[in-house]
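Structure at a glance
Listed here are the chains, written in short residue letters.
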Amino acid sequence: MPVNDDFTGKVAIVTGGGQGMGRAVAQHFVEAGANVVVNDKNADAATRVADSLGDAALAAPGDVTVKADVDRVVASTADTYGSIDILVNNAGILFSTTLADMEEDEWDLVIDVNMKGTYLFSRAVLPYMKQNSWGRIVNFSSTAGKAVSTLGGPHYTAAKAGILGLTRAAAKEFAPYGITVNAVCPGLVNTEMVQENVTPEQLDAYLRSFPISRISEPWEVAELVAFLASDRAAYITGASLDINGGDLMIS
């Protein structure tokens, strides 16, 4: 898709950038002129994406749940590019386990990857954005954060709801420094995670129930993320923007 945004001179970190929506977001920013750091726990995936995007992208493997990894990624970004302007907290994980069958370690993993990672990265980039008196943080919640997850278990729903609360609190705290914090709430998106957790029959049933009866493509979510990261959205903060084909209207 053609990219009309201009992020020339901006530096963005995209977590979970090794596939799916994170990969699409990283590609959009590079095509719009930004330098992008592709973070993913899977080092091979991060490297593949960064290599495919050319000299404007840098792979920075690391686990979003480990503070030392997060601090290293943020420090190496600042050392390489001199600043950090945009953070996209996209990294996430999903399991469909019911509450009755869920073990504690699985609960902890889903909460940590989805929510703790958002906290750790947001905290780590704050000094650099404060220094610039400008910053954009875009968090990935989900329709699950406003209702109940279509595919994920209660830990996923809880984590995505928590991200909405964290987004509002951080937006209020960071606003005096010229930093906006917003969330996107995708529905079903054509990513590897969705493909691995839904059968063709289930997907067909979902799509027939949606007002817009198709699945979203990752580039469409990337467009929304880019809008929130741009100066066009300078007066938007603490918001959660839906991109779901209208599926919340049928709950």
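Scroll up to find the structure.
Residue positions are counted from 1 within each chain, in the order its sequence is given. Local features are withheld for residues below a pLDDT of 70 in this predicted model, meaning they are given only at 70 or higher, and side-chain atom pairs are given and counted only at 80 or more; totals for whole chains, interfaces and linings count all residues. The side-chain quantities take in all heavy atoms of the structure and omit both hydrogens and water.

1. Points about the overall build of the chain
Counting its regular elements, the chain contains 8 helices and 7 strands. Only C-alpha atoms enter the radius of gyration; for comparison, a globular chain is expected to reach 2.2 Å times N to the power 0.38, where N is the number of residues. The C-alpha atoms of the chain give 17 Å as radius of gyration, which agrees with the globular expectation for 251 residues (18 Å, within 12%). In terms of overall dimensions, the chain has a C-alpha envelope of 50 × 40 × 35 Å along the principal axes. The contact definition used throughout considers only heavy atoms, calling two residues in contact when any of these lie within 4.5 Å. Taking the intrachain contacts of the chain between residues at least 6 apart in sequence as the baseline, contacts between residues at least 24 apart amount to 71%. Every accessible area reported is derived by Shrake-Rupley at a probe size of 1.4 Å, with residue values counting cover from the shown protein chains alone. Accessible area for the chain stands at about 11300 Å²; split by element, carbon and sulfur atoms hold 51% of it. In the chain, the 17 positive side-chain charges and the 30 negative ones have mean positions that sit 8 Å from each other. Numbering of helices and strands runs from the N terminus; a helix is a DSSP stretch of H or I covering at least four residues, while a strand is a stretch of E covering at least two. Counted as positive: Lys and Arg. Counted as negative: Asp and Glu, with His and the chain ends omitted from the count. Where a charge lies is defined by one atom per residue type: Lys uses NZ, Arg uses CZ, Asp uses CG and Glu uses CD.

2. Regarding the pairing of strand S2 (residues 35-38)
The pairing criterion for strands is at least two bridges between them, as found by DSSP. Here 4 bridges tie strand S1 (residues 11-14) to S2, and the two strands are oriented parallel to one another. What sits directly across from Val-14, in S2, is Val-38. Handedness of the crossover joining S1 and S2 through helix H1 (residues 20-31): right-handed. Sheet analysis places S2 next to strand S3 (residues 57-59), joined by 3 bridges and oriented parallel. Counted as the bridge partner of Val-36 is Ala-57 from S3. What joins S2 to S3 is helix H2 (residues 43-53), and the crossover it makes is right-handed. We call a crossover right-handed when, viewed with the strands running away from us, the connection from the first strand over the helix to the second turns clockwise.

3. Quick notes on the packing of aromatic side chains
Centres within 6.5 Å are what make two rings of Phe, Tyr or Trp a pair, Trp counting through its six-membered ring; a difference in plane orientation under 30 degrees is then read as stacked, over 60 as edge-to-face, and the rest as tilted. The full count for this structure, using the stated rule, is 1 aromatic pair. Look at Phe-7 and Phe-29: their rings are 5.0 Å apart centre to centre, the planes differ by 80°, and that puts the pair in the edge-to-face class. With Phe-7 in the segment before S1 and Phe-29 in helix H1, this residue pair connects regions lying 22 residues apart in the sequence. Should the NZ of a Lys or the CZ of an Arg lie within 6 Å of a ring centre and within 35 degrees of the ring normal, that charge is described as sitting over the ring. The side chain of Lys-10 reaches across the aromatic face of Trp-134, ending 3.8 Å from its centre. Between Lys-130 and the ring centre of Tyr-177, over which it is positioned, the NZ or CZ distance is 4.4 Å.

4. Thoughts on the sheet that holds S1
Pairing within the open sheet is parallel, and its 7 strands lie in the order S3-S2-S1-S4-S5-S6-S7. Single-partner strands in this sheet number two, and they are S3 and strand S7 (240-243). Across this sheet, the average inter-strand angle for adjacent strands is 20°, counted without regard to direction. Pairing between S1 and strand S4 (residues 86-89): 3 bridges, direction parallel. Bridging from a neighbouring strand, Ala-12 pairs with Ile-86 of S4. Sheet contacts for H1: S1, S2, S3, S4, strand S5 (135-140) and strand S6 (179-186); angle to S1, the most-contacted strand, approximately 170°. Here an angle of 0 to 180 degrees is reported between the N-to-C directions of two axes, which are lines fitted to C-alpha atoms, with helices fitted over the stretch in contact.

5. Quick look at the packing of helix H4 (residues 104-132) against helix H5 (residues 154-174)
One can describe the packing of H4 onto H5 by two numbers: an axis separation of 8 Å at closest approach and a directional angle of 15°. One element, H4, and the other, H5, form an angle in the roughly parallel class. Seen along the crossing, H4 lies across H5 with a hand that is right-handed. Two secondary-structure elements touch here, H4 through Glu-106, Trp-107, Val-110, Ile-111, Asn-114, Met-115, Thr-118, Tyr-119, Ser-122 and Leu-126 and H5 through Pro-154, His-155, Tyr-156, Ala-158, Ala-159, Lys-160, Gly-162, Ile-163, Leu-166 and Phe-174. The residue makeup of the contact of H4 with H5, split by class, is 13 nonpolar, 5 polar and 2 charged. When an angle is under 35 degrees it counts as roughly parallel; over 145 it counts as roughly antiparallel; between 65 and 115 it counts as roughly perpendicular; any other value is oblique. For any helix crossing, the convention is left-handed if the near helix is rotated counterclockwise from the far helix by under a right angle, and right-handed if that rotation is clockwise. Three classes are used: nonpolar for Ala, Val, Leu, Ile, Met, Phe, Trp, Tyr, Cys and Pro, charged for Asp, Glu, Lys and Arg, and polar for all others, with Gly counted as polar.

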